Protein chains: 2
Amino acid sequence: MTVPEPTSAHAAWLPAEAFRPIGARRTLVLGDGLLVETARDEVAHACARFGGSLLRRADDRASGQASDRASGRTGDQAGGQADLVLALATEAHLPAAAQAVREESGQDERPIGAEGFLLARRGEVTVVLAGGPAGLLYGLFHVVRLGEAAFGGPRPVERHRPALRRRMLDHWDNIDTHPVMGQVERGYAGGSVFWQDGGPRGDLTRVRAYARLLAAAGVNAITVNNVNVHATEAHLLTDRLGDVAAIAAELRPYGIRTHLSVNFAAPIVLGALACADPLDEDVRAWWAAATARVYDAIPDFGGYVVKADSEGQPGPFAYGRSHAEGANLLADALAPFGGVVHWRAFVYDHRQDWRDRSTDRARAAYDHFAPLDGQFRANAILQVKHGPMDFQVREPVSPVIAAMPRTRVAVELQVTQEYTGQQRHVCYLPPMWREVLDFEPRGPEGPAVAGLADELVAVSNVGDDFYWTGHPLAQANLYAFGRLAWDPRLDPAALLDEWIDLTFTPAAAGDPERLRGTLHAMMDGSWLTYERYTAPLGVGFMVRPGHHYGPDVDGYEYTPWGTYHFADRDGVGVDRTRATGTGFTGQYPEPWSRVYESAEECPDELLLFFHHVPYQHVLRGGTSVIQHIYDTHFAGADQAAETRLLWQKLTDLVDPELHARVAELLDEQLRSAEEWRDQINTYFSRKSGVPDAHGRRIY
Amino acid sequence: MTVPEPTSAHAAWLPAEAFRPIGARRTLVLGDGLLVETARDEVAHACARFGGSLLRRADDRASGQASDRASGRTGDQAGGQADLVLALATEAHLPAAAQAVREESGQDERPIGAEGFLLARRGEVTVVLAGGPAGLLYGLFHVVRLGEAAFGGPRPVERHRPALRRRMLDHWDNIDTHPVMGQVERGYAGGSVFWQDGGPRGDLTRVRAYARLLAAAGVNAITVNNVNVHATEAHLLTDRLGDVAAIAAELRPYGIRTHLSVNFAAPIVLGALACADPLDEDVRAWWAAATARVYDAIPDFGGYVVKADSEGQPGPFAYGRSHAEGANLLADALAPFGGVVHWRAFVYDHRQDWRDRSTDRARAAYDHFAPLDGQFRANAILQVKHGPMDFQVREPVSPVIAAMPRTRVAVELQVTQEYTGQQRHVCYLPPMWREVLDFEPRGPEGPAVAGLADELVAVSNVGDDFYWTGHPLAQANLYAFGRLAWDPRLDPAALLDEWIDLTFTPAAAGDPERLRGTLHAMMDGSWLTYERYTAPLGVGFMVRPGHHYGPDVDGYEYTPWGTYHFADRDGVGVDRTRATGTGFTGQYPEPWSRVYESAEECPDELLLFFHHVPYQHVLRGGTSVIQHIYDTHFAGADQAAETRLLWQKLTDLVDPELHARVAELLDEQLRSAEEWRDQINTYFSRKSGVPDAHGRRIY
């Protein structure tokens, strides 16, 4: 296999230079299997560039053959001692250093798992011992990440194993281009990386390059089409299955399984059946047959993703069936082949009457799904958005996650920055994700979300843009998502370092510390900066309807979407208490049920999500709500200006084209941040009549 | 020529039955010319249906030939005395009755004009004596409108002559369909009546039927494409001129001249010139040559319509030239052929900063154009929207109309209901138009707008919908526009009677009085009803951005469009006074300059257009602003409900399909009116904190 390095795309965190430490050394890869071959190809490719060598097994060396045709070295040189050994732990014969690692680790009873690996350094040899071919490939990318440090001095045995078994990206990509939404729904990085001109891209090199980047970040599953399954895309399940198989073939060598979003009404739309009732025998037979055909074409197919009875998509409600019955229909079809169905919990009434304050969209997922716990098949995974609303910059953690102990749950994050600046604003999201993952629904005695979730799924931020993500710095979110899904305990700042060192090292060789320091100053706090200049204190939305970019405080206030702030001349916020509001706080276990219920105990940043309070209500932080609004909005816009200035000082350390792209985006971010600041401040100043304590300019 | 009666379209105000009084009688048509032939064809067609006869000249009768092949009568019968004589006044030989009318009217020195006619009845003969072929055709349609009354008893000589020489409809139709705006910009009646599948419709019968309807209403000019001239439509001027000629051929027999919207940058876009500078010789030569080719193809071509330097369209500002220089460029190209250019005065900054209260979009047209008065060619017509903003339900009359005494001015109305219910709401507009036409910019001593305007132009509300206008009752606006452009003194209620009697007579034969009474109750006050439940007191907008349907009070409040209301917790409205505001009131002559400047003298219905006042400000009508808002919104929605009930009682008098269409639309109107009521009331209640004096429900 040719290692994919398309010239039409930025190298992101896998520039050639990142492979120098391996490519300049001698590496032995032991084992069989597709992913082991991928690892071998990667090593050979690096060696061809940097002069190292891919060694063969000892018996190969004995015959005196050249180590690898692609190697820059001669057969003689290749015959020396390996600097790096990558081996399956099950190999019969291992070099001495690897054998020593295996013996030492043998006392640890914890299994490594097929995706896990051990890393150690014995003498002059760095050893990766993998539980399976995927683990070997992940081990290789881990060594790439370590760089020269992988080869410096002794290293005790480390165990690496993904915390979550599935680390998945959902692509909201369509084959066709929608006149308003574009090709990728909520995509801010150009067209689809998979689909073009009505089918899969002719040249799929870029798809394979994407798989390679994702494998290096730890992702192992992708959904290749939008959860809103439109007419054309519905056919991917049947007569256009070959299109999916073509993409799956590109993802497979990097250990990424392909999943498909399907339309719950497919038996009607594609099969000409009279209904899609999950208990109808013809429907069940149709899904079983369709699924068998999928596995004929794609033997390692991952499964289906379904958005049902949501925002106009069809679902089991039409037949008086529960969502468990709907999900189990597909789970049963997939079970014989080891596939899974991801069933989205994003079900709510999107035709709400704003005049009816008793309906609360935040309640909907719990109300629908909590009663169904225990009714889902083992291969049905409930995919729950991390917050109860819709990927706002600040939400409480969804109460559904803790309410489904007998159901497999995937927590859904949004890497694409729909509500967080649409990849025009710098907004490094891992600090938010860590807050979600660290949240303890039952308090310090109980497990955190990271322990409750079986999987992490995120909506991808990738398109066919040269930098993959529109905003070059948004690559960091994609990278960090994969890494956090592998290990939710990783520190966002450390992940940013990983990303910076891999991505910028060559260009920043002159002064890597300055580059790193500046990027941290720009990105570490960028999520909080974005929060400061947008909707305050967890109240959410206040965006332009439809495209969701830029401020419009009342944009959703009188719409059917259920996203309100109820600001009047006296106060603002949504009363979701049990005492006087919608009762949403009751969906949480203790202590949060009590904490959120109380306007005094509720964390400041979520106050307006849970309570309607007067503008003069004093926050735990000591300022009034109205003064907090003014203060944070002035501060947030100031920080956007500061971020822009910081970047201007990096011209000497960053590729000029990338620098220019980011500089242009930072201009827009500042313009937009000032627009947010002024609209929000003016709106609340006009409404409350309270002047800014510091006399700053409000229009 | 075949009289066009397409089955794909409603007959509107020309049902077959309307021709019975003529078609059952003997008619003599004397004169030559295309439009005289059209009149002859119309009469023959009616006679074929109702048994009357089209008579030939006396010398024809002497030869004993049959009157007309299409006639239902025999030659013998056709030889009798005419009941109706339609003749050009210049005919050498007239029947005795017509001769008597000519002699009597000869003492009146006022010319009839080519479009005018005399109407009289002498003995048993009704006589139309026309100044030209167009006048003869208008005379025929006038007799149709009179029905049996045209043939009952003596009638002294009446002079009929259009008050305005050009009575024009602009079609904002595109050849291509825009993914969001559709094919017709601001169109609410389906696709274009002219364009389909990338070119003129294959079957143009409907275009001719449209021309016929318009001729019967008095319209004599049409622009066949959108003033926003997109890429495809730009080519209508050159290589797609044949498409325009094909449409012009259908409009010509009914006396309607074809005009074309052109792109000011056409010399660059179509001619590959380096610029479109109006003073550049190559540019002038290009326009001269292009225009000569247009007249080769369409000898009676009307001229160009131009939207320049407006909402992104190119214009003379790019070259540092004035709009007079821009308009004169095209006027000079058209002058040799007798054509005119309509130059739109809708020029303003659509990238305004809402934070800058010194900029006032209302001022823009006057600021741009008043200094140019006297600089425009005689065949350049400044086309001025009736209000200073953009077709809101209530605006003051544009001060530009009185500011251009040495310029030919066309006043632009909007028949398409962009801001007045989008042909889902009943909104009979002539009462608004009469207010505009009757407005006396210099007070009672000076002329009214109807006397200042050289022309009336309106944006058409027609599409390829079966009923032409989406809402069947919106036909009345189209009809009345033509009639008002012919005679601005006509009474809106009387025009509604004309329209009702022509359109509904056959179906309502059982009880025409009940039908007429009910439609008056539904329509006479419908404009005021719409005003009541939408934006109050002249403040305007408060609609959903983009599509402009339904309420969104702050929808445009923080946008670059210059359409603000500045509501805060204390008050609402735009200060456009000279004393403390934008100074817009200074663009009016006395007495309005003084009247509008004063919050006490300013008419209530325009108060918030000119003044920012506290909610407790007491209107001239005696209630406070806030109570007025509540009262009118409850009343408006109640009236929408009443309108709906009135229609339900007409099932026996109206065609069932038409009844069902209107009933469905009235349901939507009521839903929307209640939404407006509740959003506006809630918005101002939340902001002002003032309760409704009558304790009605506000959310």
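Here the residue numbers are simple positions, counted from 1 along each chain's written sequence. Here the convention is simple: chains get letters from A, ligands get numbers from 1, in the order in which they are written. pLDDT decides what is reported in this predicted model: residues at 70 or higher carry local features, side-chain atom pairs at 80 or more are listed and counted, and totals for whole chains, interfaces and linings draw on all residues regardless. The basis for every side-chain value is the complete set of non-hydrogen atoms in the structure, without hydrogens or water.

### A word on the interface of chain A and chain B
Residue contacts follow a heavy-atom distance rule, with two residues in contact if any of their heavy atoms lie within 4.5 Å. In this complex, chain A contributes 28 residues to the contact, which on the side of chain B involves 28 residues. For any pair of parts, buried area is found by adding up, for both, the accessible area (1.4 Å probe) each one loses once the two are put together. Summed over both partners, the interface of chain A with chain B buries about 2,600 Å², with 47% contributed by carbon and sulfur atoms. When the buried area of chain A at its contact with chain B is split by residue, A:Tyr558, A:Arg569 and A:Arg686 rank highest and sum to 32% of it. Any Lys or Arg side-chain nitrogen located within 4 Å of an Asp or Glu carboxyl oxygen qualifies as a salt bridge. Joining chain A to chain B, the criterion identifies 6 salt bridges. Its salt-bridge partner being A:Arg355, residue B:Asp678 comes within 2.3 Å of it at the nearest N-O pair. Throughout this description, a polar contact denotes any pair of N or O atoms lying within 3.5 Å of each other; where both atoms belong to protein, one of them has to be capable of donating a hydrogen while the other can accept it, and for residues adjacent in sequence the pair is counted only when both atoms sit in side chains. If you look at where chain A meets chain B, you find 20 residue pairs in polar contact (both at pLDDT 80 or more). Across the side of chain A that touches chain B, the residue classes tally to 9 nonpolar, 6 polar and 13 charged. Side-chain classes follow a simple rule in which Ala, Val, Leu, Ile, Met, Phe, Trp, Tyr, Cys and Pro form the nonpolar group, Asp, Glu, Lys and Arg form the charged group, and the remainder, Gly included, forms the polar group.

### Some details on the sheet that holds strand β12 (residues 221–223) of chain B
The criterion for strand pairing is that DSSP finds at least two bridges linking the strands in question. Helix and strand definitions here come from DSSP, where helices need a minimum of 4 consecutive H or I residues and strands a minimum of 2 consecutive E residues; each element is numbered from the N-terminal end. Pairing is parallel in the closed barrel, where 8 strands are placed in the order β7-β12-β13-β14-β15-β16-β17-β18 (chain B). Strand-to-strand twist across the sheet, computed as the mean angle between neighbouring axes with direction ignored, equals 25°. Only C-alpha atoms enter the line fits that serve as axes; for helices the fit covers just the stretch in contact. Angles between N-to-C directions range over 0 to 180 degrees.

### Let's talk about helix α2 (residues 34–50) of chain B
All names here are of chain B. Over its 17 residues, α2 runs 24 Å from end to end, which matches the ideal 24 Å to within 8%, given 1.5 Å per residue. Each residue is placed in one exposure class: buried if its accessible area under a 1.4 Å probe, protein chains only, is under 20% of its type's maximum, exposed if it is over 50%, and partly exposed if it falls in between. Looking only at α2, the buried set comprises Leu-35, Val-36, Thr-38, Ala-39, Arg-40, Glu-42, Val-43, Ala-44, Ala-46, Cys-47 and Phe-50. Lining the buried residues of α2 we find α1 (20–23), β1 (26–30), β2 (53–55), β3 (84–88), α6 (133–146) and α7 (205–217). Downstream of α2 by one or two residues, Gly-51 has phi in the positive range, about 90°. The span you would expect from a helix comes to 1.5 Å times its residue count less one.

### A few points about the pairing of strand β8 (residues 173–178) of chain A
All names here are of chain A. In terms of strand pairing, β8 meets strand β9 (residues 182–184) through 2 bridges, oriented antiparallel. Bridge pairing in β9 links His-178 to Gly-182. What sits between β8 and β9 in their antiparallel hairpin is a turn of 3 residues.

### As for the confidence of the model for chain A
Atom-level detail of predicted coordinates should not be read off regions where pLDDT is low. All names here are of chain A. Mean pLDDT over chain A works out to 95, with 96% of the residues at or above the 70 mark. Each residue carries a pLDDT score, the predictor's own confidence in it, on a scale running from 0 to 100. Of the regions scoring below 50 in pLDDT, residues 59–79 engages in 31 contacts with residues more than four places distant in sequence or in other chains. This prediction of the complex comes with two scores: 0.92 for pTM and 0.89 for ipTM.

### Examining the side chain of A:His617
Residue and element names in this part refer to chain A. Tracing the sequence through the fold places His-617 in the loop between β20 (613–614) and α22 (625–648). On the basis of relative accessible area, His-617 is assigned to the buried category, the value being 16%. The residues contacting His-617, other than those within four sequence positions of it, are Ala-599, Glu-600, Leu-607, Thr-623, Ser-624 and Val-625.

### What about the relation of the copies chain A and chain B?
Rotating chain A by 179° and translating it 0.0 Å along the rotation axis places it on chain B, where the RMSD comes to 0.1 Å. Interpreted geometrically, this transformation is the action of a two-fold axis. By residue overlap, the copies meet face to face through one surface: 100% of the interface positions of chain A are interface positions in chain B. To line up the copies, we fit them by least squares on C-alpha atoms, keeping just the residues with pLDDT of at least 70 in both.

### Some thoughts on the side chain of A:Arg208
Considering the arrangement of structural elements, one finds A:Arg208 in helix α7 (residues 205–217). Aside from chain neighbours lying at most four places away, what touches A:Arg208 is A:Met1, A:Pro4, A:Ala249, A:Glu250, A:Pro253 and A:Tyr254.

### Thoughts on the packing of helix α18 (residues 512–523) of chain B against helix α22 (residues 625–648) of chain B
Residue and element names in this part refer to chain B. It is at 9 Å that the axes of α18 and α22 come closest, and there the two elements cross at 165°. Accordingly, the angle class assigned to the pair α18 and α22 is roughly antiparallel. The two elements α18 and α22 meet at a crossing, and its hand is left-handed. Contacts between α18 and α22 pair Thr-518, Leu-519, Ala-521 and Met-522 from the former with Thr-643, Leu-646 and Trp-647 from the latter. For the contact of α18 with α22, the class distribution of residues is 5 nonpolar, 2 polar and no charged. Angular relationships are summarised with four words: roughly parallel below 35 degrees, roughly antiparallel beyond 145, roughly perpendicular across 65 to 115, and oblique for the angles in between. Take the far helix as the reference: if the near one is turned anticlockwise from it by less than a right angle, the crossing is left-handed, and if turned clockwise, right-handed.

### Here's the deal with the packing of aromatic side chains
Geometry of aromatic contacts follows a simple scheme: Phe, Tyr and Trp rings, the Trp one being its six-membered ring, pair when their centres are within 6.5 Å, and the pair is stacked under 30 degrees between planes, edge-to-face over 60, tilted otherwise. Under the criterion given, the structure shown has 65 aromatic pairs over all chains. Between A:Tyr564 and A:Phe566 the ring centres are 5.7 Å apart and the planes differ by 50°, which places this aromatic pair in the tilted class. Taken individually, A:Tyr564 and A:Phe566 each receive the classification buried, so the pair is uniform in this respect. Between the aromatic rings of B:Phe584 and B:Phe610, the centroid separation amounts to 5.9 Å while the plane-to-plane angle is 15°, which identifies the pairing as stacked. Of this pair, B:Phe584 sits in the loop between β19 (571–572) and α20 (592–597) while B:Phe610 sits in helix α21 (residues 607–610); the two residues are 26 residues apart in sequence, bridging distant segments of the chain. A single burial state applies to B:Phe584 and to B:Phe610, both of which are buried. Whether a charge sits over a ring depends on NZ of Lys or CZ of Arg being within 6 Å of the ring centre and within 35 degrees of the ring normal. Over the ring of A:Trp468 we find A:Arg206, and its NZ or CZ is 4.2 Å from the ring centre.

### Things to note about the pairing of strand β13 (residues 257–261) of chain B
Residue and element names in this part refer to chain B. β13 sits mainly inside the fold: 4 of its 5 residues count as buried. Relative to β13, β12 runs parallel, the two sharing 3 bridges. Looking at β13, one finds that Ala-221 is bridged to Arg-257. Both β13 and strand β14 (residues 303–306) contribute to a ladder of 3 bridges, which runs parallel. Note that in β14 the partner of His-259 across the bridge is Gly-303.

### Regarding the sheet that holds strand β5 (residues 125–130) of chain A
All names here are of chain A. With mixed pairing, the 6 strands of this open sheet are ordered in space as β2-β1-β3-β5-β4-β6. The sheet is open, and its two borders are formed by β2 (53–55) and β6 (155–160), each paired with just one other strand. The average undirected angle you get between the axes of adjacent strands in this sheet is 15°. In this sheet, β5 lies alongside strand β3 (residues 84–88) in parallel orientation, the contact comprising 5 bridges. Bridging across to β5, Ala-87 finds its partner in Leu-129.

### A word on unusual backbone geometry
Peptide bonds are, in most cases, trans, and in most cases residues other than glycine have a negative phi. All names here are of chain A. The peptide bond linking Glu-590 to Pro-591 adopts the cis configuration, its omega dihedral lying at 5°. By secondary structure assignment, the location of Pro-591 is in the loop between β19 (571–572) and α20 (592–597). Phi angles above zero are rare outside glycine, and Met-542 is one such case at about 65°. Among the structural elements, Met-542 can be located in the loop between α19 (526–533) and β19. The exposure class assigned to Met-542 is buried, which follows from its relative accessible area of 2%.

### Thoughts on the environment of B:Asp692
Residues and elements named next belong to chain B. Along the polypeptide, Asp-692 turns up in the segment after α23 (656–688). Using a relative accessible area of 9% as the deciding quantity, one classes Asp-692 as buried. Each C-alpha atom, one on Asp-692 and one on Gly-123, is 66 Å from the other, the two residues being 569 residues apart in sequence. Aside from chain neighbours lying at most four places away, what touches Asp-692 is Gln-627, Tyr-630, Asp-631, Phe-634 and Ile-698. Separated by 2.8 Å, the side chains of Asp-692 and Gln-627 make a polar contact. Only 2.8 Å separates the side chain of Asp-692 from the backbone nitrogen of Arg-696, close enough to count as a polar contact.

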